[in-house]
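Listed here are the chains, written in short residue letters.
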Amino acid sequence: MTDYMAQLDATPEVDKFKQVRQWMDREPLPFFKALRERCPILVTPTATLVTRLEDCVEVLNQPKVFTVKLYDPKMSDYLMSHDDDAFHTREKSIMQGFLNRNDLSDVRVMVANIAKRLIDDAGGRLEAIHGYTRRVPATLVQDYFGLTGAALDDLIDWSYWNQADTFYNQPFDDHTSEERQRIVAEHARTSTALGTYIVELMARRLLAVKAEQARGLLFGLWYGLKKLLDRLSGRRRAPLSDDIVTRMLRSHWADAVDFDLKRIGVNAGGLLIGAIETTSQAVAQSVQFLLDHPDLLAQARTAAAKDDPTEFDAIVFEVLRFVPISPYLFRQASQAAVIARGTERETVIPAGAYVLILTQSAMFDPRAFDHPDTFDPGRNWYHQFHFGYGAHECLGRYIGAVMIPEMVRQLVLRPSLKADRPIDYAGGHLPQTYPLSWAGRAE
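Residues numbered from 1 in each chain as written. Predicted model: local features only at pLDDT ≥ 70, side-chain atom pairs only at ≥ 80, totals over all residues. Heavy atoms only, no water.

Observations concerning unusual backbone geometry
Turning to step 1, where the next piece is worked out: With a phi close to 60°, Asp258 is a non-glycine residue in the positive phi region.
Turning to step 2, where the next piece is worked out: Mapped onto the secondary structure, Asp258 falls in the loop between α12 (244-250) and α13 (261-292).
Turning to step 3, where the next piece is worked out: Even without being glycine, Ala426 reaches a positive phi, approximately 50°.
Turning to step 4, where the next piece is worked out: When you line up the elements, Ala426 lands in the loop between β9 (418-419) and β10 (435-437). (Helix = DSSP H or I, 4+ residues; strand = E, 2+ residues; numbered from the N terminus.)

Considering the side chain of Asn169
Turning to step 1, where the next piece is worked out: Position of Asn169 relative to the elements: it lies in the loop between α9 (152-168) and α10 (177-214).
Turning to step 2, where the next piece is worked out: When its relative accessible area of 5% is taken as the criterion, Asn169 is described as buried.
Turning to step 3, where the next piece is worked out: Side chain to side chain, Asn169 and Asp165 meet in a polar contact 2.8 Å long.
Turning to step 4, where the next piece is worked out: When sequence neighbours within four positions are dropped, the list of residues in contact with Asn169 reads Lys74, Ala164, His175, Arg180, Ile183 and Val184. (Buried < 20%, exposed > 50% of the residue type's maximum accessible area, 1.4 Å probe, protein only. Polar contact = N/O pair within 3.5 Å; in protein donor to acceptor, adjacent residues only side chain to side chain. Contact = heavy atoms within 4.5 Å.)

Notes on the packing of aromatic side chains
Turning to step 1, where the next piece is worked out: Within this structure, the stated rule accounts for 20 aromatic pairs.
Turning to step 2, where the next piece is worked out: Arranged with centres 5.5 Å apart and planes meeting at 80°, the rings of Tyr71 and Phe167 form a pair that is edge-to-face. Taken together, the residues span a long stretch of sequence, with Tyr71 in the loop between β3 (66-67) and α5 (86-98) and Phe167 in helix α9 at a distance of 96 residues. Like Phe167, Tyr71 is buried.
Turning to step 3, where the next piece is worked out: Look at Phe172 and Tyr354: their rings are 5.8 Å apart centre to centre, the planes differ by 75°, and that puts the pair in the edge-to-face class. With Phe172 in the loop between α9 and α10 and Tyr354 in strand β8 (residues 354-357), this pair connects stretches of sequence that are 182 residues apart.
Turning to step 4, where the next piece is worked out: Ring pairs connect the aromatic residues Tyr71, Phe167, Phe172, Tyr328, Phe330 and Tyr354, which therefore count as one cluster.
Turning to step 5, where the next piece is worked out: Over the face of the ring belonging to Phe364 we find Arg321, whose NZ or CZ atom lies 4.1 Å from the ring centre. (Phe/Tyr/Trp six-rings, centres within 6.5 Å; stacked < 30°, edge-to-face > 60°. Lys NZ or Arg CZ within 6 Å of the ring centre and 35° of its normal.)

Observations regarding the sheet that holds β10
Turning to step 1, where the next piece is worked out: Taken together, three strands build an open sheet; the order of strands is β4-β10-β9 and the sheet is antiparallel. Here the strands that pair on one side only, and so sit at the sheet edges, are β4 (125-127) and β9.
Turning to step 2, where the next piece is worked out: Where β4 lies against β10, three bridges are found, and the strand directions are antiparallel. Residue pairing across strands places Leu126 opposite Leu436, the latter belonging to β10. (Pairing = 2+ DSSP bridges.)

Thoughts on the pairing of β8
Turning to step 1, where the next piece is worked out: As defined by bridge partners, strand β2 (residues 48-50) adjoins β8 across three bridges and the pair is classed as parallel. Bridge pairing in β8 places Thr48 opposite Val355.
Turning to step 2, where the next piece is worked out: Where strand β5 (residues 329-333) and β8 come together, four bridges link them in antiparallel fashion. What sits directly across from Phe330, in β8, is Leu356.

Regarding the pattern of salt bridges
Pairs can form between side chains of opposite charge once their charged atoms are near each other.
Turning to step 1, where the next piece is worked out: As enumerated under the stated definition, the model contains 27 salt bridges in all.
Turning to step 2, where the next piece is worked out: The salt bridge partner of Arg21 is Asp173, with a shortest N-O separation of 3.3 Å. Of this pair, Arg21 sits in helix α2 (residues 16-26) while Asp173 sits in the loop between α9 and α10, placing them 152 residues apart in sequence.
Turning to step 3, where the next piece is worked out: On the basis of relative accessibility, which here comes to 10%, the residue Arg21 falls in the buried class.
Turning to step 4, where the next piece is worked out: A salt bridge links Asp120 to Arg414; the nearest nitrogen and oxygen atoms lie 2.8 Å apart. Remark: Arg414 occurs in the loop between α17 (397-412) and β9 and Asp120 occurs in helix α6 (residues 104-122); sequence separation between them is 294 residues.
Turning to step 5, where the next piece is worked out: Accessibility expressed as a relative area gives 28% for Asp120, which makes it partly exposed.
Turning to step 6, where the next piece is worked out: Salt bridges here are not isolated pairs; linked through shared partners, they connect Arg108, Asp313, Glu406 and Arg409. (Salt bridge = Lys/Arg side-chain N within 4 Å of Asp/Glu carboxyl O.)

Spelled out as structure tokens, the structure:
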């Protein structure tokens, strides 16, 4: 076994984080285990790593102390870049109401239908990343979130570069200056395109909503607006469906609530950015893990064939404990702060310091889990960090909690499913290609 601490002690101070980052990327579980046992809070010149569940929770429960300030330059004025203030609370609460959990059974059916169609049309061979793991959530973004009128490839592109810059182009990410600049430039390009699209979407859909609302009382005005809308769009339109954008535009807010058309547009864009790339990575890595473990694949196939998805979903979320979309969350200290006060690992974090909360390590902490190294789908959901934790827990977590396992399920049900090659990350963090093949239709 690697003696991580001895190697780290022998590493020059200036190179310590580079070595730490290599272990995090290439062999996270044994490295995290060594840290939990011997150095639960590791201070390096670049960032401090927190490994135990109770310390991770302590940090994440102090959003004004351990902040998401690093999001600020990457985002427009979106709720995720705010820490425990009126703006964040108001907008997240409003959006949680629109993303009604009563929709989840219908969302699951939508996901299943989209997934089946893509797999059936593929004819037994599929490049899974762009052809499936990104395309299913992008289609849901259109059909359920209501971001219509844009090509799927554009939706995917806009989500990808926002995610790549915001979450994987930070000071502790290993990029050359040229790579950093390229990611920033692509983010700027796609943000401009997304902003233009959102303005057009709001204008088009607001006109449709106003026409719909006027129909009962002012039929003549409605008819004129409808004809104008048909002329502007170049085609006849079906009645508005019940999607999230339409829900937002149909709703009425007092001025004091401060949720106007601009806020609707920003939040519509946020739904897109958050939905596609994270889902893609979770699904691809879950499928690869199952294919690499035939005994677990057989267990998953048996569960996938049942009408009740509960057992299968639990398998997928246990898989994601081993292969999460990221092994950490990151924060920046707004002031000097102490972690694990009164313990042997008590550590002072200076103002401005970066903190990596190793959530994957926390999910293997024996202080919270029995036999953490064992694959056990029956674990406590509340000790998982798949959708973040605390104030910045993912807005769409409940949608993700049905979409991700259902997408995995539809692939697992294919007879003789196999990977022609492993996932290719093309030198980055996000999956780029993953060729799959299978024999026949779903079992």
